[in-house]
Number of protein chains: 2
Amino acid sequence: MPKLGMEPIRKDALVKATIVEIGRVGSLDVTVSQIAKRAGMSSALAHHYFGSKEDMFLAAMRHVMTIYGAEVRGALEAAEGPEGRIRAILRANFSPGNFRREAVGAWLNFWVLAQTVPEAKRLLAIYQGRLRTNLIVALRPLAGARAVDIAESLGALIDGLYLREVLKSGAPDGKAAVAIALRHLKAELARGA
Amino acid sequence: MPKLGMEPIRKDALVKATIVEIGRVGSLDVTVSQIAKRAGMSSALAHHYFGSKEDMFLAAMRHVMTIYGAEVRGALEAAEGPEGRIRAILRANFSPGNFRREAVGAWLNFWVLAQTVPEAKRLLAIYQGRLRTNLIVALRPLAGARAVDIAESLGALIDGLYLREVLKSGAPDGKAAVAIALRHLKAELARGA
DNA sequence: AAGTTTATTGACTCGTCAATCAACAAAAAA
DNA sequence: TTTTTTGTTGATTGACGAGTCAATAAACTT
């Protein structure tokens, strides 16, 4: 039975299962057995490939952020002009995928994890740095020197809007969030002109 | 030894200890024994006064939000004029107290808790409703009909700024957050005029 | 004084879970 | 073909934790 080259396949399955389970349970209170079962293997095998549960969490976090990064990059490539780039970033951040159970569970719980696990904090800093850079680049032609400041507030607004959409009862509305963020942007730009 | 009327004293001690422990550990992974020990009693007594750990969490959450509410109310009473009221709300939200370990742990973890425990979600909705109302009332004289929309974005910005200050490395800077929020407000108001 | 209510805890139950290990199977290398 | 490497799991260990309970004691009631 043992085909070779299983390692990447198993790891990948475990990472995905970890994210799903965190979303399902709504917290990091998931057992290795649950994860392994969902990934179709024994818990011993999960421990074989990842040394510990924490390693699994970190791998899952990296995966989520890789997906996110790819989403933003893809949206940016298809965008035209500075404002188009901003819109693309906003749409990527508030895409339906980011409101799926798994994604929500991942982000909320990674914020918590970042409080105690330095590596988690580092990963989160990378995500914020990327968002910041993307915003600044897109804003430069529109706002010149004020790009940095506006990126700061726009970035925070994105996080805040996401949090509110996620916590509120009822279906989240990415479109509305995008609209509010754009209004904020317009106001800031008008102020500078 | 058993003085009477211990119940409120014990409950209060447990609530405070719960918040401290959550902040110390950085997650909801605190044991009833830890909490009870910090509160100076046996875990059995903790179970006697609160039926379950979840009840303790919810009581702690109510307590945090009561503190928060009192802080905002106090700041509002001492405020002069519409803009003064806004400033007061912002200062209360970004006061040093809210960046203490316990407060940070409480908020982050209550967001997670709200995902699965309906009562936690309800409490959070109350907090958001109050912030929203306070903002709208203060904004009305400044922005008229647009008060509601601006309150929406300003509220989200507050949450986002708080999250970023909390997650970033280094000492949080409430002043900077207040400044950014005020800039956002000015921009929105200028737009309307 | 006898009985009831409140306060309090140590010991215990029952369950869970992360991590380890021994053992087995198959492919690859020697 | 022996040996080594890779894949895999059931069983086990060792620890911890939520919630219960019986027992003890002080106060309050009648």
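Right above here is the structure, for reference.
Worth saying up front: this structure is predicted, and the values here are computed from it rather than measured.

A. View of helix α4 (residues 53-77) of chain A. Residues and elements named next belong to chain A. The first and last C-alpha atoms of α4 sit 36 Å apart over 25 residues, in line with the 36 Å expected at 1.5 Å per residue. Every buried residue of α4 is listed here: Met56, Phe57, Leu58, Ala59, Ala60, Met61, Val64, Met65, Tyr68, Gly69, Val72 and Leu76. The inward-facing, buried residues of α4 abut α1 (6-25), α2 (32-38), α3 (43-49), α5 (81-93), α6 (101-114) and α7 (118-143).

B. The arrangement of the relation of the copies chain B and chain A in detail. Here chain B sits on chain A after a turn of 180° about the axis and a move of 0.0 Å along it, with an RMSD of 0.0 Å. Within this description, the copies of the chain are treated as partners about a two-fold rotation axis. It is Gly160(B) whose C-alpha, among those of chain B, lies nearest the rotation axis, at 1.8 Å. Here 100% of the interface residues in chain B have copies in chain A that are interface residues too; the copies meet face to matching face.

C. Local environment of the interface of chain B and chain A. Taken together, the contacts link 39 residues of chain B with 39 residues of chain A. Summed over both partners, the interface of chain B with chain A buries about 3,400 Å², with 61% contributed by carbon and sulfur atoms. When residues of chain B are sorted by the area they lose upon contact with chain A, Arg164(B), Leu167(B) and Arg183(B) head the list and together hold 21% of the total. Summed over the shared surface of chain B and chain A, the result is six salt bridges. Among the salt bridges present, the one from Arg183(B) reaches Glu188(A), with a minimum N-O distance of 3.3 Å. Contributing elements (two or more residues each) for the side of chain B that touches chain A: α6 (101-114), α7 (118-143), α8 (147-167) and α9 (174-192) of chain B. Sort the elements by how many residues they give to the side of chain B that touches chain A and α8(B) lands first, with 13 residues. Residues belonging to the side of chain B that touches chain A are distributed by class as follows: 16 nonpolar, twelve polar and eleven charged.

D. Representation of the environment of Arg62(A) within the structure. All names here are of chain A. With respect to the helices and strands, the residue Arg62 is situated in helix α4. Considered as a pair, Arg62 and Ser95 are 33 residues apart in the sequence and their alpha carbons are 19 Å apart. When residues no more than four places from it in sequence are discounted, the contact partners of Arg62 are Glu119 and Leu123.

E. Structural detail: the packing of aromatic side chains. In this structure the tally under the stated criterion is ten aromatic pairs over all chains. Consider the rings of Tyr68(A) and Tyr127(A), whose centres lie 5.2 Å apart with planes at 70°: the pair is edge-to-face. Of this pair, Tyr68(A) sits in helix α4 while Tyr127(A) sits in helix α7, and the two are 59 residues apart along the sequence. Accessibility classification places Tyr68(A) together with Tyr127(A) in one group, the buried group. Centroid distance Phe94(B) to Phe99(B): 6.5 Å. Interplanar angle 15°. Geometry classified as stacked. Through successive ring pairs, a cluster of aromatic residues spans Tyr68(A), Trp107(A) and Tyr127(A). The residue whose ring lies beneath Lys11(A) is Phe50(A), and the NZ or CZ to ring-centre distance is 5.3 Å.

F. Geometry of the packing of α6(B) against α8(B). Residue and element names in this part refer to chain B. Packing of α6 against α8 leaves a shortest axis separation of 11 Å and a crossing angle of 120°. Between α6 and α8, the interaxial angle falls into the category oblique. Where α6 crosses over α8, the two elements pack in a sense that is left-handed. Contacts between α6 and α8 involve Ala103, Val104, Trp107, Leu108 and Trp111 from the former and Tyr162, Leu163, Val166 and Leu167 from the latter. Here the residues of the contact of α6 with α8 are counted per class, giving nine nonpolar, no polar and no charged.

G. Expanded view of the nonpolar core. If you look at the biggest cluster of nonpolar residues, it comprises 144 residues, and the most contacted ones within it are Phe94(A), Trp107(A), Trp111(A), Phe94(B), Trp107(B), Leu108(B) and Trp111(B). Setting aside residues no more than four positions away along its own chain, Trp111(B) makes contact with Leu108(A), Leu163(A), Leu167(A), Leu124(B), Tyr162(B) and Leu163(B).

H. Representation of α5(A) in the model. Residue and element names in this part refer to chain A. With 13 residues, α5 should cover 18 Å at 1.5 Å per step; its first-to-last C-alpha distance of 19 Å lies within 8% of that length. Of all the positions in α5, only Gly84, Ile86, Ala88, Ile89, Leu90, Ala92 and Asn93 are classed as buried. Structurally, α5 contributes buried residues whose contacts are with α4, α7, α8 (147-167) and α9 (174-192).

Each value, and the rule that gives it
Per chain, residue numbering runs from 1 following the sequence as it is written. Following the order in which they are written, the chains are lettered starting with A and the ligands numbered starting with 1. Owing to the predicted nature of the model, reporting of local features is limited to residues with pLDDT of at least 70; listing and counting of side-chain atom pairs is limited to 80 or more, with chain, interface and lining totals taken over all residues. No hydrogens and no water enter the side-chain calculation; it runs on all heavy atoms of the structure. The numbering of helices and of strands both runs from the N terminus, where a helix is a DSSP run of H or I of at least 4 residues and a strand a run of E of at least 2. Here the expected length of a helix is defined as 1.5 Å per residue gap, with one fewer gap than residues. Think of it in three bands: residues with accessible area under 20% of the maximum for their type are buried, residues over 50% are exposed, and the middle band is partly exposed, with areas taken using a 1.4 Å probe on protein chains only. In what follows, a contact means two residues having at least one pair of non-hydrogen atoms within 4.5 Å. Here the copies are matched by least squares. The fit uses the C-alpha atoms of residues with pLDDT of at least 70 in both. Values labelled buried area give the accessible surface lost by two parts on being combined, using a 1.4 Å probe and summing over both. Each reported salt bridge corresponds to a side-chain nitrogen of Lys or Arg within 4 Å of a carboxyl oxygen of Asp or Glu. Under the scheme applied, nonpolar residues are Ala, Val, Leu, Ile, Met, Phe, Trp, Tyr, Cys and Pro; charged residues are Asp, Glu, Lys and Arg; polar residues are all the others, including Gly. Any Phe, Tyr or Trp ring, taking Trp's six-membered ring, that has another such ring centre within 6.5 Å forms a pair; planes under 30 degrees apart are called stacked, those over 60 apart edge-to-face, and the others tilted. Placement of a charge over a ring requires the Lys NZ or Arg CZ to be within 6 Å of the ring centre, with the centre-to-atom vector within 35 degrees of the ring normal. Each axis is a line fitted through C-alpha atoms, and for a helix only the stretch in contact is used; angles between axes span 0 to 180 degrees, taken between their N-to-C directions. Angular relationships are summarised with four words: roughly parallel below 35 degrees, roughly antiparallel beyond 145, roughly perpendicular across 65 to 115, and oblique for the angles in between. It is the rotation of the near helix from the far one that decides the hand of a crossing: anticlockwise by less than a right angle makes it left-handed, clockwise makes it right-handed. The definition of a nonpolar core used throughout is a set of buried Ala, Val, Leu, Ile, Met, Phe, Trp, Tyr and Cys residues joined through side-chain atoms within 4.5 Å.

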